[in-house]
Amino acid sequence: MRFPFAFLGLTAQIPLESTQPPRNNDMSKSSPDFAFQEAADIFAPKDLVGLGRPGAGVANAEGDLVLVSFSKYSFEEKKNKKSIFLAPLESAVKPLEIPLAKGGEAFWIDSRTVAHVVEGDKNLEVYALDIKFETERDGFAGTLNSPHPPTLIGTFPTKSATNFRYSRSSGNLVFSDYVYADGNLTAVKEHDEAWESRGHSAFVYDSTYVRHWDTWVGKKKSSLFSVRLFCDPDGKWNMGTEFVNTLKDTGHSSPVEPFGGTDDFDVSAKQIVYTTKDPQLEEAWHTKQNVYVTDITGSGKPKELTSGKQGAIHSPIFSTDGTKVAWLELDEDGYESDRAKIVIYDLRKDVRFTLTQKWDRSPDALTFSKHDKFLYFTAGDEARIKVYALPVPPTPAHSSTDPDLSPKYTTPVALTHSHAASGVQPLSGGRVLFSKSSFTSPNDVFILRDLDSFEANVLESDIAPSFKGRTEQVTRFTEKDLEGKNLSKGEEFWFTGANDRKVQGWALKPRGWKAGEKKKWPVVLLIHGGPQGAWEDQWSTRWNPNVFTQQGYFAIMMNPTGSTTFGQEFTDAIAEDWGGKPFVDMQNGWKYALDAYPEIDADRAVAAGASWGGYAINWIQGHPEYGFNFKALVGHDGVFDSNYNGYSTDELFFFNHEWGGRPWDIKSKLLSQKYSPSNYVDKWSTPQLLIHGSKDYRLPETESIGAFHALQQRGVRSRLVVFPDENHWVLNHGNSLKWHYEVFRWFDEFVGKKE
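So, here's what we can say about the structure. Since the model is a prediction, treat every value here as computed from it, not as a measurement. (Residues numbered from 1 in each chain as written. Predicted model: local features only at pLDDT ≥ 70, side-chain atom pairs only at ≥ 80, totals over all residues. Heavy atoms only, no water.)

Structural notes on the pattern of salt bridges
Part 1: All chains considered together, the criterion is met by 36 salt bridges.
Part 2: The partner of E90 in a salt bridge is R449, and the shortest N-O contact between them spans 3.0 Å. Of this pair, E90 sits in the loop between β4 (79-88) and β5 (96-100) while R449 sits in the loop between β33 (441-448) and α3 (451-460), and the two are 359 residues apart along the sequence.
Part 3: On the accessibility criterion, E90 (44% relative accessible area) is partly exposed.
Part 4: According to the relative accessible area criterion, R449 is buried, its value standing at 10%.
Part 5: Among the salt bridges present, the one from D402 reaches K358, with a minimum N-O distance of 2.8 Å. Separated by 44 residues along the polypeptide, D402 in the loop between β29 (384-391) and β30 (413-414) and K358 in the loop between β26 (351-354) and β27 (363-368) bring together distant segments of the chain.
Part 6: For D402, a relative accessible area of 42% gives the class partly exposed.
Part 7: Where salt bridges share partners, they join E90, R431, R449, D450, R470 and E472 into one cluster. (Salt bridge = Lys/Arg side-chain N within 4 Å of Asp/Glu carboxyl O. Helix = DSSP H or I, 4+ residues; strand = E, 2+ residues; numbered from the N terminus. Buried < 20%, exposed > 50% of the residue type's maximum accessible area, 1.4 Å probe, protein only.)

As for empty space enclosed by the protein
Part 1: Under the defined criterion, the tally for this structure stands at two cavities of 30 Å³ or more.
Part 2: Within this model, the largest cavity holds a volume of roughly 30 Å³.
Part 3: As for the largest cavity, its lining consists of G614, N618, G635, H636, G638, F640, L690, E703, S704 and A707.
Part 4: The leading source of residues in the lining of the largest cavity is helix α12 (residues 702-713), at three residues.
Part 5: Along the lines of polarity and charge, the residues of the lining of the largest cavity split into three nonpolar, six polar and one charged.
Part 6: In this structure, the second largest cavity occupies an estimated 30 Å³ of space.
Part 7: Grouping the constituent residues of the lining of the second largest cavity by class yields three nonpolar, four polar and two charged. (1 Å grid on protein atoms, 1.4 Å probe; cavity = no way out; pocket = protein on both sides within 12 Å on 5 of 7 lines; lining within 4 Å. Points joined across faces, edges and corners; volume = space filled by probe spheres on them. Nonpolar A, V, L, I, M, F, W, Y, C, P; charged D, E, K, R; others polar.)

The values reported here are purely geometric and, on their own, carry no functional implication.
Pasting the structure below:
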């Protein structure tokens, strides 16, 4: 076990015969009486932490019910309570909440049965939940309930099975689990016991990864398994006991760590399509993934569908008839933020072709329409995540990365234009289901209607028409809890940045702001991570700008050079220029915001950022000539010494791409000399709070410890907060509340209004 610094005994640092009092390492002397602003009409940090968190909706096969996972933290019980909601899509019948006392995963196995996988005494168990749904008719109000207790239908050999996809047509349940080199799922427990009783705690490595994201890499790898799951003629569900490792002896691992899930594979009646890291390349400094199809029963060998000249792969899916596969493909190996392009593989004709070679946006996820004539997907566009449609063209005669197609087949049409969509799912009757969040609300379920006529118009014309259908809201999960909070919807602004490029930003006004008033407000500049990321009009449970506005701050957020959703050239432009163009953008954007919003008190300005945003905070520290005049800074899990990060990070490909090579290469070393914040410590003078998770293996905690040591030795007011059990993100609910407390009391000390 790795002991974080926060657990080291303080007594070891105190001499036995001290001539001065022990130092107060808690540093709680500042603002001892600090408290959040809290009231019925204020959305305080505790409200954010305790607000319900809906997932993306998933409709049943019939398209009349949607299932939504839901969690809500109880401060009284200090427990995150989980449940699922079932909501009618074409009825006013009240949604049904089914509590999941022990958590677990739930998914449809037919239109009136939900499978619930939950931890039992020894293994994971799977239960069938019967759903009764009747719509309104002739004075009958309708009903939606689960009339019978859950029925146990089977068990898994382990407690780690996850990512379930069910093929009703074949009666096979496909899922992922971790196995040892023998690939035998039923032997995992025996191997686990042998590993735990090996007599030492050493991990021995001959190749990378050593650790990944927040986990030391062990002997097990993720694989895809298939097991029979079927309903007999009497209506009873049954699960088999033979768990087939469909990737055994291939050297493949799927889903791809650390974030891959059901988006890394799909199932048809007879096959599984999946993506895996190229087994011939070192994972830590390559992003290249391949796509394969294999038999759902594990027979035969997988067939590769990719060309061999690609980078990362996302979202492989089957058409509904199983004759085509589509996926999102990046060109450059070693670059995780390259532009994603839609590729289709016709399994019958053995032809592969790219659709969006010339479209300057990156789709996030794909799905075929019910009749396979269209693809529906989400993609970021100018800080919104929109739903798009694209017709599927006839398969070309030969494979091509840029086939000669009509523009209607290569130019997606936006069906939504605001906020952030996810979970797109075509339904029958010209409908598309999706979930949507915004600055002012977590996910709710929506339906797009009238797509039949839209699709017909697209197919009949050479140029795709605009969508004129309807959008209807289905759920309102947090509407009541947020009523009266008056959250800011955000105002978009544009300004001229580096190289005369137009750059976008958001301004969110503080609670209590009124037009025409002369009152001045403190302001916080929030800097996003990535750096290939963006502040988008969507809900966040970690960096939520409305939590800042509700505590009385003007929130300014910019999407400078390197940000996504504004075209690939803009995203690419930050590589090898971390301390360059983005800060020209932010200086210009800051001046624009101060001029555009005279209510901002420029003498009470602070800034905060995480990951690359944490790098930006450290970089701003060493460059007072930028003229931001911040009174306090907050850096979360940020880069302090870029060259050191090139050696210590887990995914080495990221540093190698961003810094022009490996950390010992001449070009990379010169870039680090120019752009590493550690080389400008002699100019650091602004009070700074540093926060880091000990399980952050992307940017190890020594980055913040090193910056803290520099500030302390320079005599600059500073504080370090370490979360021993958190990774790059703060996920624990109690830790999240503490994070907000430390950030706001730090800002309050320097820019708070003293009565």
